Amino acid sequence: ESDAGDYTCVCGDKQSTASLAVHALPVLFKEELKNEEVQEGASVSLRCELTKAAPVQWKIGSKVLKASDKYQMRQPGTTAELLIHNLEVKDA
């Protein structure tokens, strides 16, 4: 998308200009989340991979998760990762 714009070819005192529009491809899941079974008190890492870097939002049900001592979010490149620490039965 950052390549969109007006391009000009100049030859002496003559020029030709064209406008370039770039349509973004949708972000898709290259690798989806996998089910996990973990012992109470442990930590777990949930991760998915996208077809391109894009902002993600982590939720449990309809509740949006925020970074805290319990929840850590990382997003190196196209991989989105949620780390949940000190798991409790209610975290299922």
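Summary of the structure given here. (Residues numbered from 1 in each chain as written. Predicted model: local features only at pLDDT ≥ 70, side-chain atom pairs only at ≥ 80, totals over all residues. Heavy atoms only, no water.)

### A few points about the overall build of the protein chain
Note the threshold: By the criteria applied, helices consist of DSSP H or I runs no shorter than four residues and strands consist of E runs no shorter than two, each listed in order from the N terminus. Here the radius of gyration uses the C-alpha set of atoms, whereas the globule reference equals 2.2 Å times the residue count to the power 0.38. When accessible area is computed with a 1.4 Å probe and restricted to protein chains, residues below 20% of their type maximum are described as buried, those above 50% as exposed, and intermediate ones as partly exposed. The criterion used for residue contact is that any of the two residues' heavy atoms lie within 4.5 Å. The method behind every accessible area is Shrake-Rupley, applied with a 1.4 Å probe, and residues are considered shielded solely by the protein chains displayed. Charged-residue counts in this description rest on Lys and Arg as positive and Asp and Glu as negative, His and the chain ends being excluded. To locate a charge, the coordinates of NZ of Lys, CZ of Arg, CG of Asp or CD of Glu are taken.
Helix and strand content of the protein chain: 0 helices and 8 strands. Mapped in sequence order, the helices and strands of the protein chain form the string β-β-β-β-β-β-β-β. Its C-alpha atoms give the protein chain a radius of gyration of 22 Å, more than 25% over the compact-globule value 12 Å for 92 residues. If you line up the protein chain on its principal axes, its C-alpha atoms span 75 × 25 × 20 Å. A buried classification covers 16% of the 92 residues belonging to the protein chain. Here the analysis covers contacts within the protein chain between residues at least 6 apart in sequence; of these, 38% occur between residues at least 24 apart. Only carbon and sulfur atoms are counted for the fraction: they give 51% of the accessible area of the protein chain, which is about 7,500 Å². Of the side-chain charges in the protein chain, 11 are positive and 14 negative, and the distance between the mean point of each set is 3 Å.

### Topic: the pattern of salt bridges
Here the idea is simple: oppositely charged side chains can pair when their charged atoms come close. Stated formally: Salt bridge criterion: a side-chain nitrogen from Lys or Arg within 4 Å of a carboxyl oxygen from Asp or Glu.
For the coordinates displayed, the defined rule picks out 7 salt bridges. Note that glutamate 31 and lysine 34 form a salt bridge whose closest N and O atoms lie 3.1 Å from each other. As a salt-bridge pair, glutamate 88 and lysine 70 come within 3.7 Å of each other at their nearest N and O atoms. Here glutamate 88 is found in the segment after strand S8 (79-84), whereas its partner lysine 70 is found in the loop between strand S6 (63-64) and strand S7 (71-74), with 18 residues between them in sequence. Among the charged side chains, a salt-bridge network with shared partners connects Lys70, Glu88, Lys90 and Asp91.

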